[in-house]
Amino acid sequence: MFGDMMNMMGKLKETQKKVEATKKRLDTVLVDEASNDNKLKVTLTANRTIKSIEIADDLLEDKDQLEDYLILTLNKAIEKATAVNEAELAAVAKEGMPNIPGMDMFK
C-alpha cells in the first residue's frame, strides 16, 4: 500500500514536470488567424500571447471598422489557441494520471 502511494506520488511529480515542459513548448507553437478577406492577420502562441498583427492599409482609414476586425479576428485566434493549449495539456495530464477506479476525469 505504502509503496503504491509512493509510486503514485512519483508519477504525479513526473506529470507535473511534463505539464510545465508542455507549457513552455506551447510558447513556440504558433496559431494564425485572418479575417475572411485577409485584411487583418494575427499570430498568437498556443499560450495566447500575441506575436504579430498585420493590417491592410485601407483598414487604417476607418477606425470603427479596424476595431471590429481586431475584435473578431483576435477572438477567433484566441479560441484556436485555447483549443490547442487545452488539448495538449489534457493529453499530458491524462498520460500521467494514476489509474484510480471511479476517477476517469479525462474521457
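As the structure is a prediction and not an experimental result, all values here were calculated from the model.

(A) Region of interest: the overall build of the protein chain. Helix and strand counts for the protein chain come out as two helices and three strands. Tracing the protein chain from N to C terminus, the helices and strands come up as α-β-β-β-α. Here the protein chain, with 107 residues, has 24% of them falling under the buried criterion. Relative to all contacts within the protein chain whose residues are 6 or more apart in sequence, the contacts with residues 24 or more apart total 54%. For the protein chain, the exposed area adds up to about 7,700 Å²; of that, 56% sits on carbon and sulfur atoms.

(B) Here's a closer look at the pattern of salt bridges. Counting across every chain of the model gives seven salt bridges. A salt bridge links K39 to D58; the shortest N-O distance between them is 2.8 Å. On the criterion of sequence distance, the pair formed by K39 in the loop between strand 1 (30-34) and strand 2 (40-45) and D58 in the loop between strand 3 (50-55) and helix 2 (63-96) is long-range, its members being 19 residues apart. Linked through salt bridges whose partners overlap, the residues forming this network are E33, K76 and K80.

(C) Local environment of the nonpolar core. If you look at the biggest cluster of nonpolar residues, it comprises six residues: V31, V42, L44, L74, A77 and A81. Breaking this core down by element, the ones donating at least two residues are strand 2 and helix 2. With three residues, helix 2 is the single largest residue contributor to this core. Those residues within four positions of L74 in sequence are excluded, and the remaining contacts are V42, L44, I50 and Y69. Membership of the second largest hydrophobic core comes to five residues, among which are V19, A46, L89 and V92.

(D) View of a nonpolar patch on the surface. Taken together, the side chains of I50, I53, I55 and L60 define a hydrophobic patch exposed on the protein surface, amounting to about 340 Å² of accessible area. Position of I55 among the secondary structure elements: in strand 3. The exposure class assigned to I55 is partly exposed, which follows from its relative accessible area of 32%.

(E) Up close: the environment of L44. Relative to the elements of secondary structure, L44 occurs in strand 2. Along the backbone, L44 and A77 are 33 residues apart, and their C-alpha atoms lie at a distance of 7.0 Å. Apart from residues no more than four positions distant in its own chain, L44 is found in contact with V29, L30, V31, T49, I50, K51, L74, A77, I78 and A81.

(F) Inspection of the environment of K23 at higher detail. Looking at the secondary structure, you find K23 in helix 1 (residues 2-26). Once the C-alpha coordinates of K23 and A46 are considered, the two residues, 23 residues apart in sequence, prove to be 8.8 Å apart. With residues up to four places along the chain from it excluded, the contact list for K23 reads N47 and L89.

The rules behind the values
Residues numbered from 1 in each chain as written. Predicted model: local features only at pLDDT ≥ 70, side-chain atom pairs only at ≥ 80, totals over all residues. Heavy atoms only, no water. Helix = DSSP H or I, 4+ residues; strand = E, 2+ residues; numbered from the N terminus. Buried < 20%, exposed > 50% of the residue type's maximum accessible area, 1.4 Å probe, protein only. Contact = heavy atoms within 4.5 Å. Areas by Shrake-Rupley, 256 points an atom, 1.4 Å probe, with all protein chains shown as cover. Salt bridge = Lys/Arg side-chain N within 4 Å of Asp/Glu carboxyl O. Core = buried A, V, L, I, M, F, W, Y, C linked by side-chain atoms within 4.5 Å. Patch = residues over 30% accessible without salt bridge, like charges linked within 9 Å, V, L, I, M, F, W, Y side chains within 5 Å.

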